Each structure stands twice: as structure tokens, then as C-alpha cells.
2 protein chains.
Amino acid sequence: MNSWDESLGSETDGENNSQEQDNRPETSHNKNCLLSHPWKPCRRPHAIVKEWLLRLRLCLGTVCGMEWYGYAILGISTAILSFLMDLSVTKLLTAHQWLYMKLEGNILLQFFCWTLYPACLCCFASSFSHNICPFSTGSGIPEVRTMMAGIEMPHYLSLTNMFTKFLGLICTLAAGSTAFLGKVGPFVHLSTMLGAYLSKLCTLIQANKMAKADDEMLVVAAAVGVASCFGAPISGVLFSVEVMSSHFALRHYCPCFFSAACGALTFRLLSVWSGDGETLQALFKTNFPTAVPFYPFEILLFAFLGLLCGAVSCCYLFCHRLILRFTKTNRVFIKMLTTEKGLYSGMVVFFLASLTFPYSAGQYMASKYTMKQLLTSLLDNGQWNSQFRNASLQVEPSLGWSSSGIPVYLSLAFFLLMKMWMLVLACTLPLPAGYFMPVFVYGAAIGRLLGEGVAYVSSTGGTSGQQWASINPGGYALAGAAAFSGAVTHTLSPVLLAVELTGQFSHAVPILLATLLANALARSGHRPSFYDAISISKRLPHLPSLRKANPRIPSTPLGQVLGVKSVQLQKAAGPVEVQHAVNSSTDTQIPVVESHESQVLLGFVLPPELLMFLRHCKAEGLEKHLDEVCCIHPTSVLLSPHNTVQEAVSILTLVGAQTLFVADRGRLLGLITWPEIKRILEDLADEI
Amino acid sequence: MNSWDESLGSETDGENNSQEQDNRPETSHNKNCLLSHPWKPCRRPHAIVKEWLLRLRLCLGTVCGMEWYGYAILGISTAILSFLMDLSVTKLLTAHQWLYMKLEGNILLQFFCWTLYPACLCCFASSFSHNICPFSTGSGIPEVRTMMAGIEMPHYLSLTNMFTKFLGLICTLAAGSTAFLGKVGPFVHLSTMLGAYLSKLCTLIQANKMAKADDEMLVVAAAVGVASCFGAPISGVLFSVEVMSSHFALRHYCPCFFSAACGALTFRLLSVWSGDGETLQALFKTNFPTAVPFYPFEILLFAFLGLLCGAVSCCYLFCHRLILRFTKTNRVFIKMLTTEKGLYSGMVVFFLASLTFPYSAGQYMASKYTMKQLLTSLLDNGQWNSQFRNASLQVEPSLGWSSSGIPVYLSLAFFLLMKMWMLVLACTLPLPAGYFMPVFVYGAAIGRLLGEGVAYVSSTGGTSGQQWASINPGGYALAGAAAFSGAVTHTLSPVLLAVELTGQFSHAVPILLATLLANALARSGHRPSFYDAISISKRLPHLPSLRKANPRIPSTPLGQVLGVKSVQLQKAAGPVEVQHAVNSSTDTQIPVVESHESQVLLGFVLPPELLMFLRHCKAEGLEKHLDEVCCIHPTSVLLSPHNTVQEAVSILTLVGAQTLFVADRGRLLGLITWPEIKRILEDLADEI
């Protein structure tokens, strides 16, 4: 129970401790420990290195707490990972394009090059991740949300998983716009794995109580994931705020910003050093006109765009839920997805690639563009429409959209129609992949279509002349991207992400408006978000998702779901009973009652104290009672069986305790711990 | 205890309710009620109007919950208030400038015009606010923070206070850069007052349980205050997140964004309609070069600027704490500030104005500029230095800074030196005033000085040539403004505010870096922030501030501070005891114990049930026991006397309960309610 005070005051404690250690002569204790192991090879150099490391630790500790170095390292290393991934993906995509160009003239070979390259990559990604670590498939955000809600899922944080996810994701991304999958989600997952590892390291170095550090690192890592992926620190922090299911603790706020800033700065500096630009710039930098970015009446159009995106997102989410249910119920599918993951991925991607082949339907949907090029072309600030009329002015961005000679409107509409079901199909692929970026691009296409439409209508109608002529469809594309991705994920951070990705602040207010309206439509009727649907389908013990599936779950009284009562001791317990309790209990706090009959809760004892009691009894050879030797700690917060599951989870989260006792009128009924909560939620999820 | 479930599910409930009402034939119940009052004048029209209002409510209710209309109205009306205030202040400032210009040639008259105009305004603001509502002085943010932490302070939310603060603030702002005070803080306070009023209105209209609505409206209002003041929605929300002392509830997130977007949109649209610009633009729109906003090596300079701002902020905060202590301990001061507030304000402002008189020291500190002009000039993107050398190119912004002919560096340095103590002195003025904007401008001046210095050194040294020549001191000014104001207030939202005020996103990452470093320096050693210092000085029951004054306060055990036990009933209580309890208790839950001897807590009863019990006993004329008639509700969360004050406050906040019982091993020790927490915190504050 004291752990939150500790975490609140951890900075002071840390400082005091390091100062105390400073005062000790040369940390003699540590040194002596090191030197006293007689069986170590190279004892002398080992000790010298360790001594220097200890000194370094003291030096670092005087500037700030060790956890801040952890945050900085987390940000920097995630950014390096992100940069390396971008680099490899670009190389792989260039190789594909080079091969495709070399085969110019032979359509059949070009077809096989176009389809087999991504199919093989996805097949490999799928089999690889299935064989090495099956937990690495999917986006990972539903699992991260569950872990941030307090449930432990150690499989999802292993280093093997990190390695698998990293390699698998490179393959998925190298499949390009054929697979049409993204990077954000898995990157958030990757950074949480890195965060969990660094957090363990920090605890090891700091060697004083850091009970909540693990949790803290996860929250920070969620922010860093987004920040390092796009060099966008502020939207990273907002994402982290939104992922927390019910309450964002303010003590995470500064660490989040610090780590996200480190990540974003490193990511952008690496881009500069690799020769991508002269200075730190936005990833998809746009050059919208700054004098009059939009006219006041366009606000209404942006609001309409928001509602449109909201409606389309409802349709998309509905299809996604349908296919999720289909994959869980159809027998052929289940068999395929459990045994032949690689084959399934390869087949689906082959099918998708044959559709996007530039000589088939692909020519109408700009399939030659990579994901980045798609987004860049959609965010272009000129009107494609006017470029179209004077062919001499036709500039690069719209080329891909009108290569077949059909108007860009039709091309965009076809893109939207096709990609809707192709994206839904791609979501079933069992490989590490993100689903945010495709949705973002899709939204940009919706916005672009509306913007181009408005520009076209106004140019033919041409009443208000000058004003309409300068409408910028790129602004609509940006607003559409934020609104649609916000509606699909039920978040508002895409607003900031859109701003940070393009460095374009002039449209912030209309983008915010569109995203709010889209969200309002998407959230109405308590529909589950994209990630909620995955959580429900995977039966993850995530309370807010379960609430979407069945609103009555959070208000289930604790009394109904409490498991069998675990080990308890009575006040007058002797060594035999204590020995039994020590052997059979895994809890960190063992409740002590007045007597087994009355069940009146007195407090709890800690297992180490029980071992001490046993040793004491053995040494003195006496039959002592528990309360004569051990100090019975008073319980802090007591729950009643009438409290709901939601309340229990919240109090456990917020109080930072590991164990809460449930008592009715002073009588012990049971214990609430995180494993117990996990069991309860999993039981509830099964009942849906 | 159920209130949080209700608030979580409030949307559904609201919808269900409205649908139920829809199904009822024409809300006949309500109509009948209205028509059955025989003594009302104009019964018929009254009823018709009310019927239409009821229908309107139903119509509105089908779209979304009534509270969302409240949020929209809050945003819009705060923006209108803000716009009206800006308009009046501009008129008053123009009048002053006109008069000053008319008196050209007569220095003595000009001196009196320059000094007496602001002195009279401030004298009036001070006396007015003192006489109408003494709670309206100061910025109001410390009080808003306290209220958002759960403590009720009804005096600070009255409509009289709103009126007084609004008028007083106009006078203060009209005193211009002489008083050097701002608008943000009082505006946040104004919007919370408006929010509290609207929240009451919403509850009245909705007529169903809205237990947490009041609290929700306050959180939203804090975001709206900042958003409407500057048309900056995102920083408004981040400010609201930061003001919450320990946990930000995610259910406030969307309302905050929605209301802030409404406010910002209205504020900017009003500016457009009043002819301020062609479209919605940032308040202090800048035109920094977008191609290469800054070079990678400048990151180090921004980091240095952050540390510099942090150091200066420590100095400023130290002086501020000194003068706060002085005003609380010096007898002359205390007497002056309690009896002659108007005179004191007038005298101080007269003194400040005589210093800033353009023919005295004012010529060296650009005193002819208003606050807005000061900020605009500091954020200018040209190098004043280079403008200086070719006089023909000398453009407007630097004119005010070099009017006396001395170099701008000296002018800026003199400005910084003088404004430091002048600002500290101005903080003692007992009138409605904000302290954020002056700090923001001061930070901009620090940044500008560094930027100009770097530009000058590089132009004389001139090694790397081209790169150094294109350094933009405006970027440094922006970073300095965010870093210094962030350090003084211990917040990070100024980063976003700086971006939103200027619409300049290219510098976001270096600004964030500078602000983080400045914050790190300012927060080290657990120094209190600007608002913390005011809270401590005013002895507000705000726990995080008290922690800064004495870190041991939050970990005081409840047992030490628990007051006398309030009314309790025993299970077998008869009508006499119950009658006594009803008469003497003001609590919403009255605890029931097994017997007065054993003190074993059984649960609680509600006062209405006790009244029913009494009526029952009277009707039947029997001596019944309490537990025979009333249902004893089980308690939910139980605290122990070993819980700390911090834990009690957090659980009370987060659980949303109004009463928590404190029990030791099943025995009742006392009650924790918000008034009780207020008493405890005030006692602890007095002990410091």
C-alpha cells in the first residue's frame, strides 16, 4: 500500500540514497562483496571494471534518478530501431521496383515478380513469427492496452518476441502497398518490450524499491513507440494518455514527454545524418499556402467530411467484426489459421497482389505507389483537377492516379471501394503488422475525393470565383486522414499526429473538428473500436473492451466472482499451520484472522516473516503462537463483496497495492490480486 | 459508491431515459404537473412555452446527452467573453495612446497622462473587486486547482465573482504593459465559474442523476479557459491534464477536446467577423522560413536556452516567494493590504508607470509597446542586428527596441533586469490579473537576447558563413517563451501554446527540448512552482502544494488527524436515538454499528430512510428497532487508520464516493468526507 507514496517520493528517495552512498567511503561494502568471490576468473580486472561502473553510477545518480537515463535510452534505442527498419524496408522495396523495371516488356514475368515477391515475404513473415514466437503476430496494441491496465502477460514482453516482431515487421512492410499494412502498432509493442527490458535493468542498477517502475516504463514506452515511429513526440504522449483505460497518472506525464522527445529527436537527427534533408523536418512535410489556408465557410465542409468519415468508419468496423467472427467460427478457416499460417498468408497476399498488378485493376488505384508515396501524393497541395485541364502543368503527384487516363475522381473512388474489403481481408493475415497507417491513408483518400469534388463543382459552377478556385484539397485529405483513423481507433491523438507528420499547423482547428465529429458518430451506440473488437475476439482480459461486448460486466459484484478462499492463518497458529501456509501459498500477503470460526480479519503477515517465525520456533524448540512472534500488519483498504469488478480493478490500479482484502462486516471473504483479477476477467470474457 | 458506474454509463442511461420518455404519450405527466398550478398568472401561454421547451429537450436529447450541449455552450460563451474583453481592452488602450499623442509637446502633461491613466484604472479595479467580491483578486488558478482536487469552495464560483472578475480584469489589462499583467489565469477562473453555473443548469434540465457532472464541468472549463483565451484548443486540454493534481480521468478527455474546439473555433471566427483577418489564423501568426527553420547544431543552443531559462526562473520564483512572505509578515504591508487596497494598487502602478515613462527609463525598454506588440516584436523572424547595420532596411519590429539609439542587446538586457523586479512587485497588486502572459513575454525576451547574441557573434566571427547568417532569433524567442513560462509554472503545456499561438510547427521539437530542460532545473529539489507558492501563502487546502512546503504531510496517517467521531446509530436504536441522529447529523450516510460498546461497523443508513422509520414508528405507535424497519446498506471501501491522508484523498477522488468509513479491525473510527478532508488539510496547512 505504501508503494504509491514511494513512487511519488521516489525522486527524493533516490537522491537521498545516492547522497548517502556518496558519504560512505568508496562504497566499500559493494567492493568487498565483489572481491570476496574466490572462484571468479580474472578477479582483478573484473573488480576494477565493476568499481568504475559503480563510480559511474554514483556520478550519474547525482544529476538525476537512474530511471531518467532509462527513459532517454528507451527513446533513443527505439528511434534507432525505427530508423533501421525504415532503411531496410526502403532497400527491399527498391529491390522489388528495380526487378520489376528490369523485366519491362515481359508481362508474365512482371506479373510473377509483382505477386510472388510480396507473397513470399509475407509467407516468410508468417511462418517465422509462428515458429519462433506466436505472440508476435498482429498489431500488439490490444495486448499493450491490457498490460497497461495492470494485467501481467509476460509472453508478450520477451526478447524473443521482440526479435521476431522486428524481423517479421520488416518483411510485412517490404510487401508495400500490396499488403497495405503499417508500422505503428507493432512499434508500440516493440517499444514496450524494450521498455520492460530496460525497466528490469534500471531496477537492477538502482537496487532500491521501484515497485511501480515496470508499469511506468510501459506507459512511457507507449508514448515512445508512436514518437519514434514518426518523429512525433506530442501525439505520442496523447496516444499514451488515450491508451490508459480509465485514469492517466500525472506522474507519468513528464517521463512520457522526456522519452518521446528523445525518441523523436534521435529519429529526426538520424534522418538528417543519413542525408534525407538539410535539417530536422516533418516526415511528410507539406507546403500548404500559409496566407489563407482555408476560408471560414470551409469549416462546414470539414464538419461534413468528419461525419462522412465517421459513417465510413462504422461500415469498415462492421466488416472487420464480421470477418473476425468468421475466422473464429468457420472450420476451414480455423484449421488453416492454426496449421498452415504461412500458406494462408502467401495465398492471400498473392491474391491481393494479382488484383493490384499494374496491368490489371491496379492501374485504377495507383498501385505503383508505396505507402509513403500514396500519402505524399494525397497530401499534395495543388488541385489535380486544374492540373488536369492544362496538361502542361500536370505535376508529379497526380500522375499515379491518372496513369490509365481515367479521371482522378473515378480512380479515387475505385481505390476506396477496393481497398475497403482488401484491407479487411489483410487484417486476417497472421503476421506482425500495424493497422493504423492503412486507415490513415484510406482516410486521406476520402478527404482528397471530397476536396477534389468540391474543387471540381466550384470550378464548373464558378459563382464565387476567386475563393473557390484556391480551395486546397490537400487540407481535406489531411483532415480526412485524421478523422477516419481517429474514428476507427476511437482516439483523438491522430489530430496531433496529422499535424506533426506534415508540420502543417494552419489546419489544426478544422482537423480537430472533423475528428471530433467522426469520433462522435463512431462511438455512438457503444460500438467497439477496432482494437476493442480484436480484444473481444482474442478474449483478452481487458475490462473496457469487455464492457463494449457486454455493458453489465464491469458492474458485476465481487461477491459473485470471487474464487475459492486462499490460505489464511489464525492468530494463534502454531508452527505446523504456518509451515503449511508457507508451502501452499504464493501470495505476497497472507491474511490473519481472529480464529477460523469467527473469520474476523486482523491484518496480514509477509512470507519472509513466517520463515523467520519458523526458524525462531525451531531454534528455541518451543510451540509459539503466530501473534507472539510476528507483527501482524494492519490492512489498509478493505473491499466489500458489494463492490463491483470495475471498482476493484480501479482501486487496485490506483492504490498501487498488490493485494486487497475483501471482507464483509469485518469477516474475511477473499483476496484480490492481479492474477485473481486476470482470472475473473478471463472467466467473464468466456461467458460473452 | 455507484456514482462512477453511473458516470461511466451516463451516456447510455441518458439515451435510454430519453427513449423511454419518447415512448410515453406526449410527456403527459410533465404537462399535467404544469397545468395543475391554479395560482400562476398567464397560465395558458406559460404552459405552451413550457411544452415547447420540453419537446425541444426531447429533440435535443435524441442527438446526444444534454451535457454535450452544456460543453458547447460553455466553449462558445467563454469565447464570446474573451472576445468582448479583448475588444474593450483594445478600445481603452487606444484611448490612452490617443490622449498621449494629443499631449505631444507638453512633457509634464504627457507624464501625468502616462502615469495616472493606468494608476486610476488599477486603483478602480482593486477597490471594485475588494468591495464587490474580495475572492476575485489574483489569478484564480491556485483556487481552481484546489477545487479540481475535490475541495468545495463555493465563494469562488459565484456569479458576483464572475462579474467582478470580468470588469476588474478589463481595467487591469487596460493598464497595458505598465502593469505588465496578463489574462490567462483569470480567464480559466472565469470559465470555471461559467462552467459551474452551466453544470447546475444541465442538472436542472436533465433531471436525472449527474453526481459527477459538477466535477466534470470544472475539468472541461479549465481546458476551455485557455482555449478561448488564445484560440488554442490542444494546449487548453494539456493544461487541464496538468492542473489535475494526480490522476486525469479519461472520461473527461473527449468533453475537454470538444468544448475547447468549440471555444477556439468561436474565438477565431469572431476575430474573422470583426475584420481582423481573412480567415481563421493564429493569434500571433509568424512567418518563419519553412525551408530550413533551424540547423541541427542549433539543437544544442536550444538546450542551453532551456537551462538558462530554468536558472532565471529559479531566481524569479525565489524573489516571488520572498515578496509573498514579506507581504504576509510585514505589519505596514498587512495593514495596507487589508484596508487600503485601492490606494496601494494606485501607488504601485503610478511608481511603475513613472519608471516606464518614455522620456525616463522607459525609452530603453520599449515601453510604448502594448503586451501584444511586445510579443509580436520579439517573435519577429528577421535579425535585428542585420537590420541595424543597413539603416535603410530597418523595419518596424525592432524600432521600439532601439528608439533611444542604444543597441538592441543593451535594450533587451535592461528590459530583462528591470522587468524582473517590476513583475515581482506587480504580483503583489490585489486585483484580478494573470501572471502567465508576462512570464511568457519575459521568456521571449530571454530567447531573443540569446538569439540576437548568437547572430551577432557569428556575424562578427563569421566562420561558417552562410549557415550562421540565416539564424532566426525569432525561433529562440519562441523557445525561450515556452521554456521560461513552463519552468515558472512547472508545466509542459506552454510548448503547445507557443505552437498554437504562432501557428509555427517547425520549431516544435527544439521548443519541447528547451522546456523539458527548463522544467527539470526548476523542479529539482522539490521547489514549489509559482502557483504552489501562492497556494502555500494563501493556506489553500491543496495537497500537492502542501507537499512542496512539507514533504511529510501527505504521508500523515489518518489516525492522527481524524476528528471527533460524528453521529452513529446502533443496530437496535429506537425512535429517540434516531430522532437525535437526524437532528444532529449533516452527513449523507449515517454509520450503523452493532452496539455502542462493540463499535463493530455493520453498514450505513441514509437520512431519508431514517425519516421514513420515524414516520413508521409514529404511525404505528410502536417502539421498533432500526434494523427491523430500515435496510442497512453495506459499506463499500473501508479505510484503516494507517492509511495516509494522500491515500484517503485519492480514493475519495477516484471512487467518486461522498463518504468513506474508517475502521480498525471492523470497529468504526470515523468518517472521511470532502468537508472533513478540507478541515484536515487546513489544519495541516496551519501547522507549516
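Residues numbered from 1 in each chain as written. Chains lettered and ligands numbered in written order. Predicted model: local features only at pLDDT ≥ 70, side-chain atom pairs only at ≥ 80, totals over all residues. Heavy atoms only, no water.

Draft legend 1. Layout of the relation of the copies chain B and chain A. Rotating chain B by 180° and moving it 0.0 Å along the rotation axis overlays it on chain A with an RMSD of 0.1 Å. Such a combination of turn and shift is consistent with a two-fold rotation axis. Comparing interface residues between copies, 100% of those in chain B also sit at the interface in chain A, which points to an isologous, same-surface contact. (Least-squares fit on C-alpha atoms with pLDDT ≥ 70 in both. Contact = heavy atoms within 4.5 Å.)

Draft legend 2. Seen up close, the interface of chain B and chain A. The interface of chain B with chain A comprises 77 residues on the first partner and 77 residues on the second. Note on chain B versus chain A: buried area summed over both sides is about 6,800 Å², and carbon and sulfur give 70% of it. On the surface where chain B and chain A come into contact, there are zero salt bridges. Here chain B is connected to chain A by four residue pairs in polar contact (both at pLDDT 80 or more). Of all the elements, helix α13 (residues 253-273) of chain B adds the most residues to the side of chain B that touches chain A, at nine residues. For the side of chain B that touches chain A, the residue count by class is 45 nonpolar, 21 polar and eleven charged. The sheet contact formed by strand β1 (residues 247-249) of chain A and strand β1 (residues 247-249) of chain B spans three bridges and is antiparallel. Bridge pairing in β1(B) places H247(A) opposite A249(B). (Buried area = accessible area lost by both parts, 1.4 Å probe. Salt bridge = Lys/Arg side-chain N within 4 Å of Asp/Glu carboxyl O. Polar contact = N/O pair within 3.5 Å; in protein donor to acceptor, adjacent residues only side chain to side chain. Helix = DSSP H or I, 4+ residues; strand = E, 2+ residues; numbered from the N terminus. Nonpolar A, V, L, I, M, F, W, Y, C, P; charged D, E, K, R; others polar. Pairing = 2+ DSSP bridges.)

Draft legend 3. Expanded view of the confidence of the model for chain A. Residue and element names in this part refer to chain A. Residues at a pLDDT of 70 or more form 90% of chain A, whose mean pLDDT is 83. Across chain A, helix α22 (residues 473-489) holds the top mean pLDDT of 94, while helix α1 (residues 3-8) sits lowest at 36. Contacts for the low-pLDDT stretch residues 1-36, under 50 throughout, to residues beyond four places or in other chains number 52 contacts. This stretch, residues 388-395, has a pLDDT under 50; its non-local contacts, to residues over four places away or in other chains, come to eleven contacts. (pLDDT = per-residue confidence, 0-100.)

Draft legend 4. Quick look at the environment of V89(A). All names here are of chain A. When you line up the elements, V89 lands in helix α5 (residues 66-102). Between the alpha carbons of V89 and C171 there is a distance of 7.7 Å; along the sequence they are 82 residues apart. Excluding residues that lie within four positions of it along the chain, V89 makes contacts with I170, L173 and A174.

Draft legend 5. View of the sheet that holds strand β2 (residues 569-570) of chain A. All names here are of chain A. In space, the three strands of this open sheet follow the order β2-β3-β4, with mixed pairing throughout. Taken across any chain shown, the strands that pair with only one partner, and hence form the sheet edges, are β2 and β4 (601-605). Note that β2 and strand β3 (residues 590-593) share two bridges and pair parallel. Note that in β3 the partner of L569 across the bridge is V592. Each of β2, β3 and β4 touches helix α29 (residues 607-620); the most contacted strand, β4, lies at about 85° to it. (Axes fitted to C-alpha atoms, helices over the stretch in contact; angles between N-to-C directions.)

Draft legend 6. View of the packing of aromatic side chains. Applying the stated criterion across every chain, the model contains 57 aromatic pairs over all chains. Taking 5.4 Å as the distance between ring centres and 90° as the angle between the ring planes, the aromatic pair formed by W68(B) and Y71(B) counts as edge-to-face. Of this pair, W68(B) and Y71(B) both sit in helix α5 (residues 66-102), three residues apart, which is roughly one turn of that helix. Across this residue pair, the class does not change: W68(B) and Y71(B) are buried. A centroid spacing of 5.1 Å and a plane angle of 75° characterise the contact between W401(B) and F415(B), whose relative ring orientation is edge-to-face. Note that W401(B) is positioned in the loop between α18 (384-389) and α19 (408-426) and F415(B) in helix α19, a separation of 14 residues in sequence. No difference in accessibility class separates W401(B) from F415(B), as the two residues are buried. One aromatic cluster in this structure is built from Y316(A), Y435(A), Y442(A), F484(A), F530(A) and Y531(A). Stacked on the ring of W52(A), the Lys or Arg R55(A) has its end atom at 5.1 Å from the ring centre. (Phe/Tyr/Trp six-rings, centres within 6.5 Å; stacked < 30°, edge-to-face > 60°. Buried < 20%, exposed > 50% of the residue type's maximum accessible area, 1.4 Å probe, protein only. Lys NZ or Arg CZ within 6 Å of the ring centre and 35° of its normal.)

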